[in-house]
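What follows is the residue order along each chain.
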Amino acid sequence: MSRRQHICDVPGCTHTRQRWQRLCLVCYGELPREVRNNLIRAHAEKRMADWRSWKRKAGEIIAARRAARAPSTRWTPQNAFDLHARMLGERTD
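Residues numbered from 1 in each chain as written. Predicted model: local features only at pLDDT ≥ 70, side-chain atom pairs only at ≥ 80, totals over all residues. Heavy atoms only, no water.

1. Here we look at the overall build of the protein chain
Now for step 1: Check the secondary structure of the protein chain and you find four helices and two strands.
Now for step 2: Ordering the α and β elements of the protein chain from the N terminus gives β-β-α-α-α-α.
Now for step 3: Rg of the C-alpha trace for the protein chain: 21 Å, well past the compact-globule value of 12 Å for 93 residues, more than 25% over.
Now for step 4: When the backbone C-alpha atoms are referred to their principal axes, the protein chain occupies close to 70 × 35 × 20 Å.
Now for step 5: Here the protein chain, with 93 residues, has 26% of them falling under the buried criterion.
Now for step 6: Put simply, 31% of the contacts in the protein chain that link residues at least 6 apart link residues at least 24 apart.
Now for step 7: Of the roughly 7500 Å² of accessible surface on the protein chain, a fraction of 53% belongs to carbon and sulfur atoms.
Now for step 8: Averaging the positions of the 20 positive and the 9 negative side-chain charges in the protein chain gives two centres separated by 12 Å. (Helix = DSSP H or I, 4+ residues; strand = E, 2+ residues; numbered from the N terminus. Rg over C-alpha atoms; globule rule 2.2 N^0.38 Å. Buried < 20%, exposed > 50% of the residue type's maximum accessible area, 1.4 Å probe, protein only. Contact = heavy atoms within 4.5 Å. Areas by Shrake-Rupley, 256 points an atom, 1.4 Å probe, with all protein chains shown as cover. Lys, Arg positive; Asp, Glu negative; His and termini not counted. Charge placed at Lys NZ, Arg CZ, Asp CG, Glu CD.)

2. Let's talk about the environment of Ile 40
Now for step 1: Looking at where Ile 40 falls in the secondary structure, it is placed in helix 2 (residues 33-44).
Now for step 2: We classify Ile 40 as partly exposed; its relative accessible area is 33%.
Now for step 3: Sequence separation between Ile 40 and Trp 51 is 11 residues, and the spatial gap between their C-alpha atoms is 7.8 Å.
Now for step 4: Excluding anything up to four places from it in sequence, Ile 40 contacts Arg 22, Leu 23 and Tyr 28.

3. Section: the pattern of salt bridges
Now for step 1: The full count for this structure, using the stated rule, is four salt bridges.
Now for step 2: Between Arg 22 and Asp 9 there is a salt bridge, with its nearest N and O atoms 2.8 Å apart. Remark: Asp 9 occurs in the loop between strand 1 (6-7) and strand 2 (16-17) and Arg 22 occurs in the loop between strand 2 and helix 1 (25-30); sequence separation between them is 13 residues. Each member of the pair, Arg 22 as well as Asp 9, carries the same accessibility label: buried.
Now for step 3: In this structure, Arg 47 and Glu 45 form a salt bridge, with 2.8 Å as the shortest nitrogen-oxygen distance. (Salt bridge = Lys/Arg side-chain N within 4 Å of Asp/Glu carboxyl O.)

4. A few points about helix 3 (residues 48-69)
Because each turn of an α-helix spans 3.6 residues, side chains separated by three or four positions in sequence point in the same direction.
Now for step 1: Across its 22 residues, helix 3 extends 31 Å between first and last C-alpha, which sits within 8% of the 32 Å expected from 1.5 Å per residue.
Now for step 2: For helix 3, the full list of buried residues reads Trp 51, Trp 54, Ala 58, Gly 59 and Ile 62. All buried residues of helix 3 project into a common sector of 145 degrees when viewed along the axis, lining one side. Turned more than 90 degrees away from the buried face of helix 3 sit Ala 49, Arg 56, Glu 60, Ala 67 and Ala 68, all of them exposed.
Now for step 3: Residues of helix 3 that are buried sit in contact with helix 1 and helix 2. (Expected span 1.5 Å × (residues − 1). Arc of directions from axis to C-beta.)

What follows is the structure, given as structure tokens:
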């Protein structure tokens with residue numbers, strides 16, 4: 001008998017969850033209480049249109065938080081060195 005993998009309800013999340021859960025532990029901890037509880041309650045009450053809208057909102061929140069934590073590629077070490085030298089008034093010719 002094969003065991004089925006249950007994926008988190010949040011769009012874009014690939015973490016697994018227990019069968020009786022709707023969210024993985026990562027998303028459960030990151031989502032605001034209102035979104036988390038409404039998503040779970042809407043599915044339990046079989047309000048699928050509301051469940052889909054809460055899923056969409058949860059996906060937007062998680063995507064925004066992950067984008068905020070993503071490393072910035074704006075600065076290279078050389079750019080940082082040049083800016084630091086400029087702040088100190090050093091010439092870098």
